[in-house]
Amino acid sequence: METQNLKERTARGLLWGLANNGSMQVLNLVFGIVLGRLLGEADYGLAGEVAVFTAIASALQESGFISGLINRKNATREDFNSVFWFNVTTSALIYVVLFFSAPLLVWYFHEPQLLWLSRYAFLGFFFASFSIAPRAHFYKNLMMKEQTLIGIVALLVSGAVGITMATLECGAWSLVTQNILFILTVSVLSWHISGFRPMLHFSWQPIREMFGFSCKILVTNIFNTLNNSIFALLLGNFYTKNEVGRYQQADKWNKMGSGLVTGMVQSVAQPMFVQVGDDAERLRRAFRKMLRFTSLLCFPAMLGLALVAREFIVLTVGAKWLPSAELLQMLCVAGAFMPLAALHYNFLISRGRSNVYMWNVVCQGVLVLSLLCAVHFLKLHFSFSLFTLHISLSGIRLMVLLYVAVYVCWMLIWHGFVWREIRLRLADALRDTVPFLLIAVLSMVATGWLTGGLETPWLLLAVRIVVAGILYIGIVWLTGAKILRESIQFIRRHDNKREAPVA
């Protein structure tokens, strides 16, 4: 009964996670289209340069305690209260340091506008510190419905204000204000819905007990931020604001696409694995099912986005952003594997292996940074011919390609550590993922060939989405993939329960 209840809660969590991330991405798409048309490449470049340091500051103020509270089997109100006061105090101190460090950003990026823009942007992570304890409560109890409602309201409010400011020609300040207002709204609603109220009491004991685990998550989150924003850091110094803006535009759409599946997986993976317990066989079955479910969604979503990248960019944010389309296509390959990587490291975190998570991300980040610096300083150039097609890569394009290659190859390392925990063979993991990858590739190639004669952008986009979706689902169904049938059955059962009359 307990196992069945956990399965039901996990399935409901995934369903609400899909609803949450799906609705968020749709709203982000709408707001992104409007803002992309109102703002220019330089505005996105400036906002991107500030966002890197805001994200690092956010990792510092969270300090890994959300994961620490989730992993703490019998977390008490005192634990949540201590984490709240620790994070708020830490955030206030970090904000003061960053406020007086803003001139260094001006010096590094050679942008005087960053002085007050960065000081304003840093308020966002301070506001976020007030929501950490309530958010940990939501995650720990798989309360995805509440998080979905909070996210939608916050995005609507912040998006409306951002668009209004962009219309008034506020430039990069529009994007920064949108982010701050989103965080502030999430914090206020999290307090209201969770019912969490801090006590005027603080204890170091919970902090000390969780710190050994949480500090590794902290270091990892910082390196994750650096990995995800490395181009904004390097390109902001190596290239112009316009080139940074093109990358930021491509990266934004890639993260929105992959975030649809990644967010859904992360919303339930860690707490679900914690509740499964220490039974290796049960953990192995649960992990493989999540692996198949994630693969079912992530490969067609991201390879499909790569297929329609050019039409998508032109129709949404305009032809002025067309140079971003090629970068988006390359980033989508890495984006297809991001949800799978998230599943692996959330499993390791649930097993208390925050040190493994930390060192993997650190080593990956150092490798990527070294390769990107080598491309710039050594002026590396790569070219080859494929039949009659000549391909030449250098500069930003080569940097992106190397980043993608490292990210995809690192999946083998993630698997190695999962194997050490539950002895999941590589052959079994490949059997759970590769078929979906091959079917997705086949579907996209066939769709590209079938629709190659169309020239009207909106028609090409619509037809490719429909044809690719039909081909992918049809082939997966004909191959007898059990995970697809189980997913459909759960959705039907859920709908039937909702429609059933009350006796």
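Small disclaimer: the values here were computed from a predicted structure and weren't measured.

Turning our attention to the overall build of the chain. Looking only at helices and strands, one finds 20 helices and two strands in the chain. A buried classification covers 51% of the 503 residues belonging to the chain. Across the chain, every contact between residues at least 6 apart in sequence was considered, and the portion connecting residues at least 24 apart equals 83%. Counting only carbon and sulfur atoms, one obtains 67% of the accessible surface of the chain, whose full area is about 22700 Å².

What follows is about the packing of helix H5 (residues 114–121) against helix H9 (residues 172–194). At a closest axis distance of 10 Å, the pairing of H5 and H9 adopts a crossing angle of 15°. The pairing of H5 with H9 is recorded here as roughly parallel in orientation. Here H5 runs over H9; the crossing is right-handed. For the pair formed by H5 and H9, the contact residues are Trp116, Leu117, Tyr120 and Ala121 on the first element and Ala172, Trp173, Val176, Thr177 and Ile180 on the second. A breakdown of the residues in the contact of H5 with H9 according to their chemical character gives eight nonpolar, one polar and no charged.

This paragraph deals with the side chain of Ser82. One can find Ser82 in helix H4 (residues 77–109). According to the relative accessible area criterion, Ser82 is buried, its value standing at 0%. Leaving out residues up to four positions away in the same chain, Ser82 has contacts with Phe202, Ser203, Pro206 and Ile207.

Further remarks concern helix H17 (residues 411–422). For H17, which comprises 12 residues, the first-to-last C-alpha distance of 17 Å matches the rise-based estimate of 16 Å (1.5 Å per residue) to within 8%. Met411, Trp414, His415, Val418 and Ile422 are the residues of H17 that are buried. Each buried residue of H17 lies within a common arc of 95° when the element is viewed along its axis, so the set occupies one face. For H17, exposure combined with an orientation more than 90 degrees from the buried face picks out Leu412 and Arg420. Buried-residue contacts for H17 involve helix H12 (280–307), helix H14 (323–350), helix H15 (354–377), helix H16 (395–409) and helix H18 (426–450). Arg423 sits one or two residues past H17 and shows a positive phi near 55°.

A complete count under the given rule lists 17 aromatic pairs for this structure. Centroid distance Tyr345 to Trp414: 5.7 Å. Interplanar angle 55°. Geometry classified as tilted. Residue Tyr345 is found in helix H14, and its partner Trp414 is found in helix H17; the two are separated by 69 residues along the sequence. The exposure class assigned to Trp414 is buried, which follows from its relative accessible area of 3%. An aromatic cluster is built from Phe84, Trp85, Phe126, Phe127 and Phe130, whose rings are joined through pairwise contacts. The aromatic ring of Phe99 is capped on one face by Arg119, whose charged end is 4.2 Å from the ring centroid. Taking NZ or CZ as reference, Arg423 lies 4.2 Å from the ring centre of Trp419, over its face.

With that settled, consider the pattern of salt bridges. Where charged atoms from two side chains of opposite charge approach closely, those side chains can pair. Across all of its chains, the model carries 10 salt bridges by this definition. In this structure, Arg284 and Glu281 form a salt bridge, with 2.4 Å as the shortest nitrogen-oxygen distance. Linking Arg284 with Glu281, this pair stays in helix H12, spanning three residues, or about one helical turn. Accessibility expressed as a relative area gives 21% for Arg284, which makes it partly exposed. A residue is classified by how much of its surface remains accessible, and Glu281, at 37% relative accessible area, is partly exposed. The partner of Arg351 in a salt bridge is Glu421, with the nearest N and O atoms 4.0 Å apart. Within this pair, whereas Arg351 is found in the loop between H14 and H15, its partner Glu421 is found in helix H17, the two being separated by 70 residues in sequence. Judged by relative accessible area, which is 23%, Glu421 ranks as partly exposed. Through salt bridges with shared partners, a single network forms among Glu281, Arg284 and Arg285.

With respect to the helices and strands, Asp428 occurs in helix H18. Under the relative-accessibility criterion, Asp428 is labelled buried at 10%. C-alpha separation for the pair Asp428 and Arg288, spaced 140 residues apart in sequence, amounts to 8.4 Å.

Let us now look at unusual backbone geometry. Positive phi, close to 60°, is recorded for Glu169, a residue that is not glycine. Overall, the relative accessible area of 74% leaves Glu169 in the exposed class. Even without a glycine there, the phi angle at Arg423 is positive, about 55°. Judged by its relative accessible area of 48%, Arg423 is partly exposed.

One turn of an α-helix holds 3.6 residues; hence residues three or four places apart share an orientation. Taking 1.5 Å of rise per residue, the 25 residues of H18 would be expected to cover 36 Å, and the 35 Å separating its terminal C-alpha atoms lies within 8% of that figure. Taken as a whole, H18 carries its principal kink of about 35° at Thr433; the proline Pro435 stands between one and four residues after it. Those residues of H18 lying buried are Asp428, Ala429, Asp432, Thr433, Phe436, Ile439, Ala440, Ser443, Met444 and Thr447.

Here the focus is a nonpolar patch on the surface. On the surface, a cluster of nonpolar side chains totalling about 430 Å² of accessible area is made up of Leu412, Leu426, Leu430, Val434 and Leu438. Per-element accounting of the nonpolar patch gives the leading share, four residues, to H18. Among the structural elements, Leu438 can be located in helix H18.

Formed by 92 residues in total, the largest nonpolar core has its most connected members in Phe273, Phe287 and Trp414. The leading source of residues in this core is H14, at 18 residues. Excluding its chain neighbours within four sequence positions, the residues that come into contact with Phe287 are Phe273, Leu343, His344, Phe347, Val418, Ile422 and Leu424. Residues Leu69, Phe80, Ile132 and Ala133 belong to the second largest nonpolar core, which totals 12 residues.

Of all residues in the chain, 77% have pLDDT values of 70 or greater, and the mean over the chain is 79. In the model of the chain, strand E2 (residues 389–394) stands out as the element of lowest mean pLDDT, 60, in contrast to H18, which has the highest, 94. This stretch, residues 498–503, has a pLDDT under 50; its non-local contacts, to residues over four places away or in other chains, come to zero contacts.

Reading the values: rules and limits
- Residues numbered from 1 in each chain as written.
- Predicted model: local features only at pLDDT ≥ 70, side-chain atom pairs only at ≥ 80, totals over all residues.
- Heavy atoms only, no water.
- Helix = DSSP H or I, 4+ residues; strand = E, 2+ residues; numbered from the N terminus.
- Buried < 20%, exposed > 50% of the residue type's maximum accessible area, 1.4 Å probe, protein only.
- Contact = heavy atoms within 4.5 Å.
- Areas by Shrake-Rupley, 256 points an atom, 1.4 Å probe, with all protein chains shown as cover.
- Axes fitted to C-alpha atoms, helices over the stretch in contact; angles between N-to-C directions.
- Parallel < 35°, antiparallel > 145°, perpendicular 65-115°, else oblique.
- Left-handed = near helix turned anticlockwise from the far one by under 90°.
- Nonpolar A, V, L, I, M, F, W, Y, C, P; charged D, E, K, R; others polar.
- Expected span 1.5 Å × (residues − 1).
- Arc of directions from axis to C-beta.
- Phe/Tyr/Trp six-rings, centres within 6.5 Å; stacked < 30°, edge-to-face > 60°.
- Lys NZ or Arg CZ within 6 Å of the ring centre and 35° of its normal.
- Salt bridge = Lys/Arg side-chain N within 4 Å of Asp/Glu carboxyl O.
- Bend = angle between axes of the 7 residues up to and from the residue.
- Patch = residues over 30% accessible without salt bridge, like charges linked within 9 Å, V, L, I, M, F, W, Y side chains within 5 Å.
- Core = buried A, V, L, I, M, F, W, Y, C linked by side-chain atoms within 4.5 Å.
- pLDDT = per-residue confidence, 0-100.

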